[in-house]
Amino acid sequence: MDWLYLIGFIGVGFAGMEIVSYCVHRWLFHGILWNIHESHHKPNHGMFELNDIFSVFFAGISIWLMVDGATTLFSTPAFGIGAGIAVYGVLYFIIHDLFAHKRFVPFSSDSKIMKLIRRAHQRHHQDVGKEGHEPYGLFLFPYDKYPERERKFDR
């Protein structure tokens, strides 16, 4: 039963991170923290951008929770929530940075879900203005709004 609690808290950390990232992205990154986040919306930047500081911040929270909860693995939610944040961070890095933005070690995928997420994220980046566009989250958005488009050579 203890493992089920741990797995549940990992799920809570992961799901919670998507909700937190949506809210933080929409109202803080495109609000009072725009001066930092703006580097992510500019088309030309180096390998690293000022916006990466947010990833370091959330990784720090995740590590702190896992270290703090390591001795009480099954009796407190800290480790599980920290691990869920870490899982979210790894998937975010793979899908957002490597796949959607082609940073560091870019790759491509024929997965319809991955392509859908990339199209939705490209919509968010359609211009470099502070106002931004939906979707602000990585996973939670109206998937039916970004259907697979048939290409001429697929007919």
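Residues numbered from 1 in each chain as written. Predicted model: local features only at pLDDT ≥ 70, side-chain atom pairs only at ≥ 80, totals over all residues. Heavy atoms only, no water.

Asker: Hey, could you go over the overall build of the protein chain for me, with residue numbers and the actual values?
Answerer: Assigned secondary structure in the protein chain consists of five helices and zero strands. Mapped from its N terminus to its C terminus, the protein chain presents α and β elements in the order α-α-α-α-α. For the protein chain, the spread of C-alpha atoms along the three principal axes comes to 55 × 40 × 30 Å. Every one of the 155 residues in the protein chain was classed for burial, and the buried ones make up 37%. Of the accessible surface of the protein chain, which amounts to about 9,700 Å², a share of 68% is contributed by carbon and sulfur atoms. When the 15 basic and 15 acidic side-chain charges of the protein chain are each reduced to a single mean position, those positions are 9 Å apart. (Helix = DSSP H or I, 4+ residues; strand = E, 2+ residues; numbered from the N terminus. Buried < 20%, exposed > 50% of the residue type's maximum accessible area, 1.4 Å probe, protein only. Areas by Shrake-Rupley, 256 points an atom, 1.4 Å probe, with all protein chains shown as cover. Lys, Arg positive; Asp, Glu negative; His and termini not counted. Charge placed at Lys NZ, Arg CZ, Asp CG, Glu CD.)

Asker: Explain the pattern of salt bridges to me, and be specific about the residues and the numbers.
Answerer: Evaluation of the coordinates by the stated rule reveals three salt bridges. With a shortest N-O distance of 2.8 Å, Arg-103 and Asp-52 are connected by a salt bridge. Pair noted here: Arg-103 is in the loop between helix 4 (78-100) and helix 5 (112-124) and Asp-52 is in helix 3 (residues 52-69), with a separation of 51 residues, a long-range link. For the pair Arg-103 and Asp-52, a shared accessibility class is recorded, and that class is buried. Measuring nitrogen to oxygen at the nearest pair gives 3.4 Å for the salt bridge that ties Asp-97 to Arg-103. A relative accessible area of 6% means that Asp-97 is categorised as buried. Salt bridges sharing common partners tie together Glu-49, Asp-52, Asp-97 and Arg-103. (Salt bridge = Lys/Arg side-chain N within 4 Å of Asp/Glu carboxyl O.)

Asker: Lay out a nonpolar patch on the surface in plain terms, naming residues and giving numbers.
Answerer: Together, Val-87, Val-90, Leu-91, Phe-93 and Ile-94 line one region of the surface with nonpolar side chains, adding up to about 370 Å² of accessible area. Mapped onto the elements of the fold, Leu-91 is located in helix 4. (Patch = residues over 30% accessible without salt bridge, like charges linked within 9 Å, V, L, I, M, F, W, Y side chains within 5 Å.)

Asker: An account of the packing of aromatic side chains is requested, with residue identities and associated values reported.
Answerer: Under the definition given, this model contains eleven aromatic pairs. Considering the side-chain rings of Phe-14 and Phe-139, the 5.8 Å spacing of their centres and the 40° angle between planes classify their relative orientation as tilted. Here Phe-14, found in helix 1 (residues 2-32), pairs with Phe-139, found in the segment after helix 5; they are 125 residues apart in sequence, far enough to count as distant. By the ring-pair criterion, three or more aromatic residues cluster together here, those being Phe-14, Tyr-88, Tyr-92 and Phe-139. (Phe/Tyr/Trp six-rings, centres within 6.5 Å; stacked < 30°, edge-to-face > 60°.)

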